[in-house]
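# Structural features, examined
Read off the chains here:
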Amino acid sequence: MRFYDRKKELERLHQLRAVAFENHSQLVALTGRRRIGKTSLILRSCESTPTVYLFVSRENEAMLCRRFIRVIQQALPTCYVPESVDHFEELFRILMEIGKQIAFNLVIDEFQEFYYINPSLYSLIQDCWDRLKDQTHICFIASGSVYTLMHRLFMDMKEPLYGRCDALMKLQPFETTVLKEILADYKPDYSSEDLLALYTFTGGVPKYIENFVDHGSLSMEQMVDQMMQPDSIFQSEGKALLIQEFGKKYGNYFAILSAIANGDNTIPRLTQATGESGVTGHLKRLEEDYELITKRRPIFAKEGTQTVRFEITDLFLRFWFRYFTKYSDLIEMGNLPLLGTLIKNDYPTYSGLTLEIYFRQQLRESLQFRNIGSWWQAKKEKDPCEIDIVAIYAENQQALVAEVKRQRKNFKPEAFQEKVATIRQKLLFDFKIEAKLLTMEDM
């Protein structure tokens, strides 16, 4: 699959490189979940400019330096690097000295892995950077997949590299417009069902999309069949992704995420489903430290409201916990055809829930709204009412109130108008309301 999008990120990296090469060194921290395309973005941005690309793996520091030296010698053949260097502190100092003479990109991928090799390196890098950055011309890009560690290294006041970043970038999944562009290139006659399936199964993560594209799997049935191949990356991907973040103590978090994915999305139901009395503490960490879940409140609800639902922010993980965790026994038994059948049979219901998320994202991407959410009344209310999407326009005291259905035939106009009347009376009495049905035809 060819390289798509990332225009804003490429432009930002170009600006930072221009400052580094023309004035003095710049430090960029680039983070984002596994498979999001950080390395592809970096290498694309560094094309046609001298680049030292160092990938940090967990190995002995001396062995790591030996490998790095060979990479540096190939990337900067006119520069002398002693082969006897055993400590990265010294190697980094040599690279900074080279930066006094020539301008180049220094990319350290999986930068957070130094934490497991020699955590004191961050202080040593900080000291060398502070002394030499104004005399050198290096665009230093530190990239990492473990968001919590990367965020701590650069944003925690207690850490040595705090305040050293000239830019902190977090790479996001592709927007809906890019998914359409990809499908148009590889399946010009794609349907809304194809688009919804690609969004549902990948959440816009480039590597997962590439896997489907490379295998010509661009319909819902083909995508599920591809995921059911014995060697598919999808089956173990969620576990690998989260163990990377949580470490060995992942059990409680897995239980909570699995419960949310299967509809237990309030604190009482999560407590009951997981048997965890301290579920609120885990939820707080999942939201604030790992950014894997978000609280959903009725739009305009106050911060402290108890009417809260939790939602997994990563669509792929939402799907993975719903099926690959729930039916892990089928994977262990090798009964992948049955799992594939279960996913296909449940797809119309499951994708209907995803369609609402798709439209909320599409509205955000339009940049026309200042607030987008849903609205519901607590069950104790006399007339429970729930509205899929409520979006407040940026101007003119106008609101969009929308019902989301996969198919128009499932829409009940009279019931919807009653909901609109309720929210007008309860919440939007000062707004001009645009009431709308959104179906797959509107994708």
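Residues numbered from 1 in each chain as written. Predicted model: local features only at pLDDT ≥ 70, side-chain atom pairs only at ≥ 80, totals over all residues. Heavy atoms only, no water.

### Thoughts on the overall build of the protein
This is how it is decided: A run of DSSP states H or I qualifies as a helix once it reaches four residues; a run of E qualifies as a strand once it reaches two. Both are numbered from the N-terminal end. The globule rule used for comparison is 2.2 Å times the number of residues to the exponent 0.38, while the radius of gyration itself is calculated over C-alpha atoms. Burial classes: relative accessible area under 20% of the type maximum marks a residue as buried, over 50% as exposed, and values in between as partly exposed (1.4 Å probe, protein chains only). Here, residues are in contact when the closest pair of their heavy atoms is within 4.5 Å. Accessible surface is estimated by sampling points in the Shrake-Rupley manner with a 1.4 Å probe; for residues, cover comes only from the protein chains shown.
Broken down by element type, the protein carries 19 helices and 11 strands. The C-alpha atoms of the protein give a radius of gyration of 25 Å, which matches the 22 Å a tight globule of 443 residues would have. If one aligns the C-alpha atoms of the protein with their principal axes, the spans along those axes are about 80 × 55 × 50 Å. Residues classed as buried in the protein amount to 48% of the 443 residues present. Restricting the contact set of the protein to residue pairs at least 6 apart, pairs at least 24 apart contribute 68%. Of the roughly 21,300 Å² that the protein leaves accessible, carbon and sulfur atoms contribute 48%.

### Examining helix α11 (residues 220–227)
Formally: Working definition: the arc comes from the directions between the helix axis and the C-beta atoms, pointing outward to the latter.
Those residues of α11 not exposed but buried are Met220, Met223, Val224, Gln226 and Met227. Axial view of α11: buried residues confined to an arc of 160°, hence all on one face. Where α11 is buried, its residues touch α9 (192–202), α10 (206–214), α12 (234–246), α16 (315–325) and α18 (336–366).

### Here's the deal with the nonpolar core
Selection rule: Residues belong to one nonpolar core when they are buried, are Ala, Val, Leu, Ile, Met, Phe, Trp, Tyr or Cys, and are joined through side-chain atoms within 4.5 Å.
Core analysis: the biggest nonpolar cluster contains 88 residues, and Phe201, Met227, Phe246 and Leu286 have the highest contact counts within it. For this core, the element with the highest residue contribution is α18, accounting for 10 residues. Those residues within four positions of Phe201 in sequence are excluded, and the remaining contacts are Phe212, Met220, Met223, Val224, Met227, Phe316, Phe319, Ile343 and Tyr347. Counting 39 residues, the second largest nonpolar core, distinct from the first, contains Ile72, Val81, Phe104 and Leu153.

### Brief notes about the sheet that holds strand β1 (residues 26–31)
Threshold: The criterion for strand pairing is that DSSP finds at least two bridges linking the strands in question. Think of each axis as a best-fit line through the C-alpha atoms, taken over the contacting stretch in the case of a helix, with angles from 0 to 180 degrees between the N-to-C directions.
Overall, parallel pairing links the 5 strands, which are arranged β2-β3-β4-β1-β5 in an open sheet. The two strands at the open ends of the sheet, each matched to only one other strand, are β2 (51–55) and β5 (167–170). Strand-to-strand twist across the sheet, computed as the mean angle between neighbouring axes with direction ignored, equals 15°. Pairing between β2 and strand β3 (residues 104–109): 5 bridges, direction parallel. Its bridge partner lying in β3, Val52 is registered against Leu106.

### Focus: the sheet that holds strand β10 (residues 398–404)
Taken together, 4 strands build an open sheet; the order of strands is β8-β9-β10-β11 and the sheet is mixed. Across the chains shown, the open sheet's two edge strands, defined by having one partner strand only, are β8 (369–376) and β11 (432–438). Mean inter-strand twist for the sheet, computed between neighbouring axes without regard to direction, equals 25°. Bridge count for β10 against β11 is 7 bridges, and the pairing is parallel. Bridge assignment links Glu403 to a residue of β11, and that residue is Leu437. This element, α18, spans β8, β9 (386–393), β10 and β11 of the sheet and lies at about 160° to β8. Of the strands in this sheet, β8, β9, β10 and β11 are in contact with helix α19 (residues 413–426), which crosses β10 at around 145°.

### Some remarks on the state of the cysteines
The condition that has to hold: Our working definition of a disulfide is a cysteine sulfur pair at a distance within 2.5 Å.
Under the counting rule described, the total for this entry stands at 0 disulfides. Free of any disulfide, Cys46 has its nearest cysteine sulfur in Cys139, 6.6 Å distant.

### A word on α16
Because the α-helix completes a turn every 3.6 residues, residues three or four places apart line up on one side. For clarity, the cut-off: Polar contact criterion, stated in full: a pair of N or O atoms within 3.5 Å, where within protein one must be able to donate a hydrogen and the other to accept it, and residues adjacent in sequence count only if both atoms are side-chain atoms.
Taken across its 11 residues, α16 has 10 buried, putting it largely inside the fold. Regarding α16, the residues found buried are Leu315, Phe316, Leu317, Arg318, Phe319, Trp320, Phe321, Arg322, Tyr323 and Phe324. Residue Asp314 occupies the N-cap position of α16, its side-chain oxygen lying 3.0 Å from the main-chain nitrogen of Phe316.

### Describing the packing of aromatic side chains
Defined as follows: Between the rings of Phe, Tyr and Trp (Trp by its six-membered ring), a pair exists once the centres lie within 6.5 Å; its type follows the angle of the planes, with under 30 degrees stacked, over 60 edge-to-face, and the other angles tilted.
Taken as a whole and judged by the stated rule, the model has 33 aromatic pairs. With a centroid separation of 5.6 Å and an interplanar angle of 55°, the aromatic rings of Phe92 and Phe140 are classed as tilted. One end of the pair, Phe92, is in helix α4 (residues 88–98); the other, Phe140, is in strand β4 (residues 138–144), with 48 residues separating them in the sequence. Like Phe92, the residue Phe140 is buried in the burial classification.

### Details of the pattern of salt bridges
Inclusion rule: Think of a salt bridge as a Lys or Arg side-chain nitrogen and an Asp or Glu carboxyl oxygen that are within 4 Å of each other.
This structure, assessed with the given rule, holds 31 salt bridges. Note that Asp194 is salt-bridged to Lys187, the shortest N-O span being 3.0 Å. Judged by its relative accessible area of 6%, Asp194 falls in the buried class. Here the salt bridges share partners, and the residues they tie into one network are Arg296, Glu311, Glu356 and Arg360.

### With respect to the side chain of Ser45
Locating Ser45 in the fold gives a position in helix α2 (residues 38–45). A polar side-chain atom of Ser45 sits 2.7 Å from the main-chain carbonyl oxygen of Ile42. Filtering out sequence-adjacent residues up to four positions away, Ser45 remains in contact with Leu10, Leu13 and Arg17.

### Some thoughts on the environment of Arg364
Tracing the sequence through the fold places Arg364 in helix α18. Overall, the relative accessible area of 47% leaves Arg364 in the partly exposed class. Between the C-alpha atoms of Arg364 and Thr274, which are 90 residues apart in sequence, the distance is 33 Å.

Read these as spatial facts, not as claims about activity.
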